[in-house]
Amino acid sequence: MNALNKKTVEDIEVNGKKVLVRCDFNVPLKDGEITNDKRIVAALPTIKYLIGHGAKVILCSHLGRPKGEYKPEFSLAPVAKRLSEYLEKEVKLAEDAEVVGENAKAMAAALNDGDVMLLENVRYRKEETKNEENFSKELASLADIFVNDAFGTAHRAHCSTTGVAAYLPAVCGYLIQKEIEFMGGALANPKRPLVAILGGAKVSDKIGVITNLLDKCDTLIIGGGMAYTFMKSLGYTIGTSLLEEEQVENAAKMMNDAKAKGVKFLIPVDNKLGREYDENTESMIVDSDNIPDGWMGLDIGPRTQKLFTDAIKGAGTVIWNGPMGVSEWDNFAGGTIAVANAVAESGAISIVGGGDSVAAVTKLGFSDKMSHISTGGGASLEFLEGKELPGIAALNDKD
């Protein structure tokens, strides 16, 4: 799949056309109020382009997991309200439990050029997640063109992400285009050296990513809970640190593969340990080959911070997915902060993906210093693994 060769909203005539746009409006709600509207803001450039070019815009998205039935607490009504504020024009919600119902059909038929409406939660229909033809056809029947701008669900083959693309001309919006350009470009033709930083708890979640990146990057940095499985493969004692016993052999193999391919493979040389898994636990700093029984690694130590930040300094491109320690606890956030700082200061093309590293970068106020913050958790990991994302594969190629 050459993701970089997909048609975008600018490659198709939208004036006077009904355009169905799949967005990612899966926003967090508390007591019916939106607590974070980043995903809504991220969709605005595509929606505004379509309005400005005289399209009749029909938006759709999922929200939460209503599991195929109508549940009012998963309604997109709060999203319609917030969109109306941002766009300074009314965005009507088609209130149909079956999503494509009488309201939706009547509203779509009555749209004028530049109008915007929103369908109800596509996951009210059980067919959505099974990608069943009948619901895809119902969605397609409302529009002349399909635009996918939901990168966060691009790794799922659902009716509203891939199914509908079989029945309408299908292109990507600005958000997916930006993801493809940054992440696709970083993998296909990176500015070198390419430094990949992987953290988080489990090696098993990242095997595909590590394997794919070993063929592409110059330096691979491993931090977070997954690092202790690599230490174990070197014969170190790791106390009560996180361990995936069944991945120890795999970890050793990856380190050997890196050596054979001339990729620098860095794991922590010292660690900040805790007596127990607790924010305020007693802590100490110890070399990686010297972790005592009864202690667990909860962050990288100061020497490791220097080792990692030195490697990041000269980078041309940095891909970062996953924190270096338990970054939500101030006592064990030092490693993640040091790495975030180094990436921000490196001047490299920097791509941050994965919920925890994005949260860390945002919390520390570094988001505007990163070239690209990916909107898709699972989708960005699968993209980095080199997997084909069905929601992108289904879109039309440029001629």
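You'll find the structure just up there.
Criteria and cut-off values
- Residues numbered from 1 in each chain as written.
- Predicted model: local features only at pLDDT ≥ 70, side-chain atom pairs only at ≥ 80, totals over all residues.
- Heavy atoms only, no water.
- Patch = residues over 30% accessible without salt bridge, like charges linked within 9 Å, V, L, I, M, F, W, Y side chains within 5 Å.
- Areas by Shrake-Rupley, 256 points an atom, 1.4 Å probe, with all protein chains shown as cover.
- Salt bridge = Lys/Arg side-chain N within 4 Å of Asp/Glu carboxyl O.
- Lys, Arg positive; Asp, Glu negative; His and termini not counted.
- Charge placed at Lys NZ, Arg CZ, Asp CG, Glu CD.
- Helix = DSSP H or I, 4+ residues; strand = E, 2+ residues; numbered from the N terminus.
- Buried < 20%, exposed > 50% of the residue type's maximum accessible area, 1.4 Å probe, protein only.
- Axes fitted to C-alpha atoms, helices over the stretch in contact; angles between N-to-C directions.
- Parallel < 35°, antiparallel > 145°, perpendicular 65-115°, else oblique.
- Left-handed = near helix turned anticlockwise from the far one by under 90°.
- Contact = heavy atoms within 4.5 Å.
- Nonpolar A, V, L, I, M, F, W, Y, C, P; charged D, E, K, R; others polar.
- Core = buried A, V, L, I, M, F, W, Y, C linked by side-chain atoms within 4.5 Å.
- Pairing = 2+ DSSP bridges.

Student: Please give an account of a negative patch on the surface that cites residues and values.
Tutor: On the surface, Glu276, Asp278, Glu279, Glu328 and Asp356 cluster together to form a negatively charged patch. For aspartate 278, the location among the structural elements is in the loop between strand E12 (270-274) and strand E13 (283-287). A relative accessible area of 33% places aspartate 278 in the partly exposed class.

Student: Would you mind going over the packing of helix H1 (residues 38-52) against helix H2 (residues 77-87) in detail, with residue names and values included?
Tutor: One can describe the packing of H1 onto H2 by two numbers: an axis separation of 11 Å at closest approach and a directional angle of 60°. On the basis of the axis angle, H1 is oblique to H2. Seen from above, H1 lies across H2 with right-handed handedness. For the pair H1 and H2, contact is made by Ile40, Val41, Leu44, Ile47, Lys48 and Ile51 and by Val79, Arg82, Leu83, Tyr86 and Leu87, respectively. By residue class, the composition of the contact of H1 with H2 is 9 nonpolar, no polar and 2 charged.

Student: Break down the nonpolar core for me, with residues and values.
Tutor: Counting 101 residues, the largest nonpolar core has Phe25, Leu119 and Leu220 as the members making the most contacts within it. Contacts of phenylalanine 25, omitting those with residues within four sequence positions, involve Arg39, Ile40, Ala43, Ile47, Leu59, Ser61, His62, Leu63, Leu76, Val79, Leu83 and Leu118. If you look at the next biggest cluster of nonpolar residues, it comprises 23 residues, including Ile197, Phe308, Trp320 and Val343.

Student: Pulling in residues and values, what's your account of the sheet that holds strand E17 (residues 372-373)?
Tutor: On the basis of which strands lie adjacent, the open sheet formed by 6 strands has the order E11-E10-E9-E15-E16-E17 and parallel pairing. Each edge of the open sheet carries a strand with a single partner, namely strand E11 (264-266) and E17. The pairing of strand E16 (residues 349-353) with E17 spans 2 bridges and is classified as parallel. Bridge assignment links isoleucine 351 to a residue of E17, and that residue is histidine 372. In the packing of helix H10 (residues 302-313) onto the sheet, the strands contacted are strand E9 (194-198), strand E10 (219-222), E11 and strand E15 (317-321), and the crossing angle to E10 comes to about 150°. Against the sheet, helix H11 (residues 334-345) makes contact with E9, E15 and E16, and its axis sits at roughly 150° relative to E15, the strand it touches most.

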